[in-house]
Amino acid sequence: SPAVLSGAEGTMGIGDAGQFIYSPTDGGDDAVWSHNGAVLVEGDPAPGFPGGVVNIFNSRPQMNADGRAYWVAGFNDAGGTSTLGRVLYTSPTAAAGDIQVVLRSDDLIGGFAIARPSGIGFDYDFSEDGAHRILELTLDTGSTADDTAVAVDGALVAREGGLVPAGSGVLWESFDSVAINSAGHYLFSGDTNG
């Protein structure tokens, strides 16, 4: 039977050759669909994980000019239907057959594990050539006073509770709105205690 797609998010991606990716519901299940059809649907096996790990949601899709797709997904590795961790996926052709894990909960950044269940934030960006990435993360630091951070190409560049450059003793509190270009130059916004 034909898929029944409805709704969408505020983000989607479009490539130079007319490729696209967006996040509708597929018969009531959260999904990402592209010009190739269904890429990943809630309840499917989670790509890049051992058998039995299930995809729970798919959100915030983006696409580079060459058609490479990215999105954040949730997974459950304990046999339930709630999100127990997040993963950032990419697909070079925006198709189900070539989905790859970029980063997931429990991976290490700056010596800390990316937290569960929602350590990979919805604010992320990849350079147009795909060589650089910037992400807003929550880390398992043991404290909510210093667990949010911004990572560029796998290195922490700002962390909650850390000094704002040239900030006269002002400290970071939270982060959002990230961007990066093909030269690796990046920017982000955040709140401070100032």
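Our subject is the structure that appears above.
Read on for a plain summary of the structure. Note that the structure is a prediction, hence the values are computed from the model and not measured.

## Some remarks on the pattern of salt bridges
If you walk through the whole model with that rule in mind, you get three salt bridges. Among the salt bridges present, the one from Asp77 reaches Arg116, with a minimum N-O distance of 2.8 Å. With a gap of 39 residues between them, Asp77 in the loop between strand S8 (69-76) and strand S9 (85-91) and Arg116 in the loop between strand S12 (112-113) and strand S13 (120-126) connect regions that are remote in the sequence. Between Arg116 and Asp106 there is a salt bridge whose closest N-O contact spans 2.8 Å. In this pair, Arg116 is assigned in the loop between S12 and S13 and Asp106 in the loop between strand S10 (100-104) and strand S11 (108-109), connecting sequence segments ten residues apart. On the accessibility criterion, Arg116 (35% relative accessible area) is partly exposed. Note on Asp106: relative accessible area 40%, which makes it partly exposed. A network of salt bridges, in which partner residues are shared, links Asp77, Asp106 and Arg116.

## Some remarks on the side chain of Thr90
If you trace the backbone, Thr90 turns up in strand S9. Of the polar contacts made by the side chain of Thr90, one reaches the backbone oxygen of Ala69; its length is 2.9 Å. When near neighbours in sequence (up to four residues on either side) are disregarded, Thr90 contacts Arg68, Ala69, Tyr70, Trp71, Asp98, Ile99, Gln100 and Val102.

## Digging into the sheet that holds strand S16 (residues 155-159)
Taken in spatial order, the four strands of this open sheet run S13-S14-S15-S16, and their pairing is antiparallel. In the strand order of this sheet, the two ends are held by S13 and S16, each with one partner. When strand polarity is set aside, the average angle formed by the axes of neighbouring strands in this sheet is 20°.

## What to know about the packing of aromatic side chains
Going through the model one piece at a time under the given rule, you end up with ten aromatic pairs. Both rings, one in Phe49 and one in Phe75, keep their centres 4.5 Å apart while their planes meet at 40°; by these two values the pair is tilted. One end of the pair, Phe49, is in the loop between strand S6 (37-41) and strand S7 (54-63); the other, Phe75, is in strand S8, and 26 residues separate them in sequence. Using a relative accessible area of 1% as the deciding quantity, one classes Phe75 as buried.

## Focus: the environment of Pro2
When you line up the elements, Pro2 lands in the segment before strand S1 (5-6). Judged by its relative accessible area of 73%, Pro2 falls in the exposed class. A C-alpha to C-alpha distance of 9.7 Å links Pro2 and Gly27, two positions 25 residues apart in sequence.

## Things to note about the environment of Tyr70
Along the chain, Tyr70 turns up in strand S8. A relative accessible area of 2% places Tyr70 in the buried class. Separated by 54 residues in sequence, Tyr70 and Tyr124 have C-alpha atoms that sit 9.6 Å apart. Those residues in contact with Tyr70, other than ones at most four positions away along the chain, are Arg60, Pro61, Gln62, Asn64, Tyr89, Thr90, Tyr124, Phe126 and Gly130.

## Digging into the sheet that holds S8
Pairing between the strands of a sheet comes from backbone hydrogen bonds, and it takes one of two forms, parallel or antiparallel. Pairing is antiparallel in the open sheet, where four strands are placed in the order S7-S8-S9-S10. The strands lining the two open edges of the sheet, one partner per strand, are S7 and S10. The average undirected angle you get between the axes of adjacent strands in this sheet is 30°. As paired elements, S9 and S10 share four bridges and run antiparallel to each other. From the neighbouring strand, Val87 faces S10, where its bridge partner is Arg104.

## Comments concerning the pairing of strand S5 (residues 29-34)
In terms of residue burial, S5 counts as a mostly covered element, since five of its six residues are buried. Direction of pairing for strand S3 (residues 20-22) relative to S5: antiparallel, over a ladder of two bridges. Residue pairing for S5: Ile21 is matched across the bridge by Ser34. Direction of pairing for strand S4 (residues 25-26) relative to S5: antiparallel, over a ladder of two bridges. Within S5, the residue paired with Thr25 across the bridge is Asp30. Between S4 and S5, which pair antiparallel one after the other, the connecting turn spans two residues, and Gly27 there sits at a positive phi close to 65°. By the bridge criterion, four bridges tie S5 to S6 in an arrangement that is antiparallel. Bridge pairing links Trp33 to Ala38 in S6.

Cut-offs used in this document
Residues numbered from 1 in each chain as written. Predicted model: local features only at pLDDT ≥ 70, side-chain atom pairs only at ≥ 80, totals over all residues. Heavy atoms only, no water. Salt bridge = Lys/Arg side-chain N within 4 Å of Asp/Glu carboxyl O. Helix = DSSP H or I, 4+ residues; strand = E, 2+ residues; numbered from the N terminus. Buried < 20%, exposed > 50% of the residue type's maximum accessible area, 1.4 Å probe, protein only. Polar contact = N/O pair within 3.5 Å; in protein donor to acceptor, adjacent residues only side chain to side chain. Contact = heavy atoms within 4.5 Å. Pairing = 2+ DSSP bridges. Axes fitted to C-alpha atoms, helices over the stretch in contact; angles between N-to-C directions. Phe/Tyr/Trp six-rings, centres within 6.5 Å; stacked < 30°, edge-to-face > 60°.

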